[in-house]
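Coordinate analysis (summary)
Listed here are the chains, written in short residue letters.
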Amino acid sequence: MTTENTNPTMVLALKGPIHFGPFVVTSQVFHITPLSFALVNLKPILPGHVLVSSRRVVPRISDLTPAETTDLFLTVRRVGRMVERVYGATSLNIAVQDGVEAGQSVPHVHAHIIPRKKADLDAKGGTDAVYDLLDGEEGDLGVQYRRRTRFPAVDNEERKARSMEDMEAEARMLVKEMEGEGVN
């Protein structure tokens, strides 16, 4: 399957608005395929924490077609390689919260890709602290997007919500990095 490398500021003009659940996230998108997209995160757990989502808004993995499932996970693999390289990571957490009881806060299939380095979360409890951070209020993307204004409210001193300008700048940088990634 071929992948398009599209400047996030051009996505709206070329493809129409990109939705993450009920939220328009077009300017945060840094990579798009016919069936998936990757976007920067409003409140990353660690630098480089991004999301990959299906283009079609569906809440659960079981709602995806076989083609959408394949494209989503090939996109996760490709974006993961790039994020690991760009952020100097040695490992990745790839997490899917598939349903409300699993901690899913936006009713739209998405995978978290979090670049990891040795001892990166020691101050927060160690390697597995990432799961508490994903599951806690600060990881609740639905709440964060609903609260978001031009400069989002901050509910956790350690994980500050970023401005739209910061997210768009990271998206532009990651567009260029994805160009060097080759095909899935």
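The shown structure was predicted, so the numbers you read here are calculated from the model rather than taken from an experiment.

Quick word on the environment of Asp63
- Its place among the elements puts Asp63 in the loop between strand E5 (50-54) and helix H2 (66-86).
- Asp63 sits 46 residues away from Val109 along the chain, and the two C-alpha atoms are 8.8 Å apart.
- Beyond its immediate sequence surroundings of up to four residues, Asp63 is in contact with Arg56, Val58 and Glu68.

A closer look at the pairing of strand E7 (residues 110-116)
- Here E7 lies mainly inside the structure; seven of its seven residues are buried.
- In E7, alternate side chains face the same way, and those of His110, His112, Ile114 and Arg116 on one face and Ala111, Ile113 and Pro115 on the other are all buried.
- Here four bridges tie E5 to E7, and the two strands are oriented antiparallel to one another. Residue pairing for E7: Ser53 is matched across the bridge by His110.
- Bridging between strand E6 (residues 91-96) and E7 involves six bridges; their strand directions are antiparallel. Residue pairing across strands places Ser91 opposite Arg116, the latter belonging to E7.

What to know about helix H5 (residues 164-179)
- Across its 16 residues, H5 extends 23 Å between first and last C-alpha, which sits within 8% of the 22 Å expected from 1.5 Å per residue.
- Turning to H5, its buried residues are Met164, Met167, Glu170, Ala171, Leu174, Val175 and Met178. In an axial view of H5, the angular spread of the buried residues amounts to 150°, which keeps them on one side of the axis.

Notes on the pairing of strand E4 (residues 36-40)
- Here E4 lies mainly inside the structure; five of its five residues are buried.
- On E4, burial covers both faces: Ser36, Ala38 and Val40 on one face and Phe37 and Leu39 on the other are all buried.
- Pairing between strand E3 (residues 29-32) and E4: three bridges, direction antiparallel. Paired with Val29 across the strands is Leu39, a residue of E4.
- What sits between E3 and E4 in their antiparallel hairpin is a turn of three residues.
- As paired strands, E4 and E5 are joined by five bridges and run antiparallel to one another. By the bridge assignment for E5, Phe37 is matched with Ser53.

A closer look at the nonpolar core
- Counting 24 residues, the largest nonpolar core has Phe30, Val50, Val52, Val79, Met82 and Leu174 as the members making the most contacts within it.
- Ranked by residue count, the leading element in this core is H5, at six residues.
- With 10 residues, the next largest nonpolar core counts Ile18, Phe23, Val29 and Val106 among its residues.

Description of the UniProt feature "active site" (unreviewed entry) in the protein
- UniProt's feature table lists "active site" (unreviewed entry) at His110, given in the numbering used throughout.
- Structurally, His110 is set in strand E7.
- A relative accessible area of 2% places His110 in the buried class.

About the thresholds
Residues numbered from 1 in each chain as written. Predicted model: local features only at pLDDT ≥ 70, side-chain atom pairs only at ≥ 80, totals over all residues. Heavy atoms only, no water. Helix = DSSP H or I, 4+ residues; strand = E, 2+ residues; numbered from the N terminus. Contact = heavy atoms within 4.5 Å. Buried < 20%, exposed > 50% of the residue type's maximum accessible area, 1.4 Å probe, protein only. Pairing = 2+ DSSP bridges. Expected span 1.5 Å × (residues − 1). Arc of directions from axis to C-beta. Core = buried A, V, L, I, M, F, W, Y, C linked by side-chain atoms within 4.5 Å. UniProt positions renumbered as here; feature names shortened; annotations may be inferred.

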